[in-house]
2 protein chains.
Amino acid sequence: MDIRRIFGANVRRYRIAAGLSQEAVAVKMGVDRAYVSGMERGQQNVTLLTMWHLAEALDVRPVDLLDETVKKGEK
Amino acid sequence: MDIRRIFGANVRRYRIAAGLSQEAVAVKMGVDRAYVSGMERGQQNVTLLTMWHLAEALDVRPVDLLDETVKKGEK
């Protein structure tokens, strides 16, 4: 699976687990909600620093966001 | 530690473990040797896709490149 989709599925999984909306994550990161939505849909080729800021917003480690055990569409 | 430095230390560690020169990794990725050197020194804010291609070049998983247990300057 494309690394952007693996990343996106993890972002969504951890965001939901943290009880945060896309809007709340966007505000924490200082980005637009549509950008968070695009990341979750695997459409953003984010950089290391964006991954780091997002991990902080979701209170996980950056490495957690590349975990390949997540299944596409896992709620 | 800055995620770019964690990433860089891992790139260097896995490159050496694979017995590859920076030049060899650069050729595999189709980038300049100086870019590989910059990644290893934590000076490149690479994207997910670049991380993916690099992981393939080093025959590791992308998640391995964000492993935080690596120590700076570890040979």
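Residues numbered from 1 in each chain as written. Chains lettered and ligands numbered in written order. Predicted model: local features only at pLDDT ≥ 70, side-chain atom pairs only at ≥ 80, totals over all residues. Heavy atoms only, no water.

Another aspect to go through is the UniProt feature "domain: HTH cro/C1-type" (unreviewed entry) in chain A. Residues given the UniProt feature "domain: HTH cro/C1-type" (unreviewed entry) here are residues 11–65 of chain A. Across residues 11–65 of chain A, helical content stands at 62% and strand content at 0%; the span's end C-alpha atoms are separated by 6 Å. (UniProt positions renumbered as here; feature names shortened; annotations may be inferred. Helix = DSSP H or I, 4+ residues; strand = E, 2+ residues; numbered from the N terminus.)

What follows deals with helix α4 (residues 48–58) of chain A. By the criterion of burial, α4(A) is predominantly enclosed, with 8 of the 11 residues buried. Taken as a whole, α4(A) has its buried residues at A:L48, A:L49, A:T50, A:M51, A:L54, A:A55, A:A57 and A:L58. On its buried face, α4(A) sits against α1 (3–17), α2 (22–29) and α3 (33–40) of chain A together with α1 (3–17) and α4 (48–58) of chain B. (Buried < 20%, exposed > 50% of the residue type's maximum accessible area, 1.4 Å probe, protein only. Contact = heavy atoms within 4.5 Å.)

Turning our eyes to something else, we now look at the interface of chain B and chain A. Contacts between the two partners involve 18 residues from chain B and, on the opposite side, 18 residues from chain A. Of the roughly 1700 Å² buried between chain B and chain A on both sides combined, carbon and sulfur atoms contribute 75%. Three residues stand out in chain B for area buried against chain A, namely B:I3, B:L48 and B:V63, and they jointly supply 37% of the buried area on that side. Counting across the chain B and chain A interface gives 8 residue pairs in polar contact (both at pLDDT 80 or more). It is α4(B) that provides the largest number of residues to the side of chain B that touches chain A, a total of 4 residues. Looking at the side of chain B that touches chain A, its residues break down into 11 nonpolar, 3 polar and 4 charged. (Buried area = accessible area lost by both parts, 1.4 Å probe. Polar contact = N/O pair within 3.5 Å; in protein donor to acceptor, adjacent residues only side chain to side chain. Nonpolar A, V, L, I, M, F, W, Y, C, P; charged D, E, K, R; others polar.)

Counting across every chain of the model gives 0 aromatic pairs over all chains. Directly above the ring of A:Y14 sits A:R13, whose terminal nitrogen or CZ lies 5.0 Å from the centroid. (Phe/Tyr/Trp six-rings, centres within 6.5 Å; stacked < 30°, edge-to-face > 60°. Lys NZ or Arg CZ within 6 Å of the ring centre and 35° of its normal.)

What follows is about unusual backbone geometry. Residue and element names in this part refer to chain A. Phi angles above zero are rare outside glycine, and D59 is one such case at about 60°. Within the secondary structure, D59 sits in the segment after α4. Judged by relative accessible area, which is 72%, D59 ranks as exposed.

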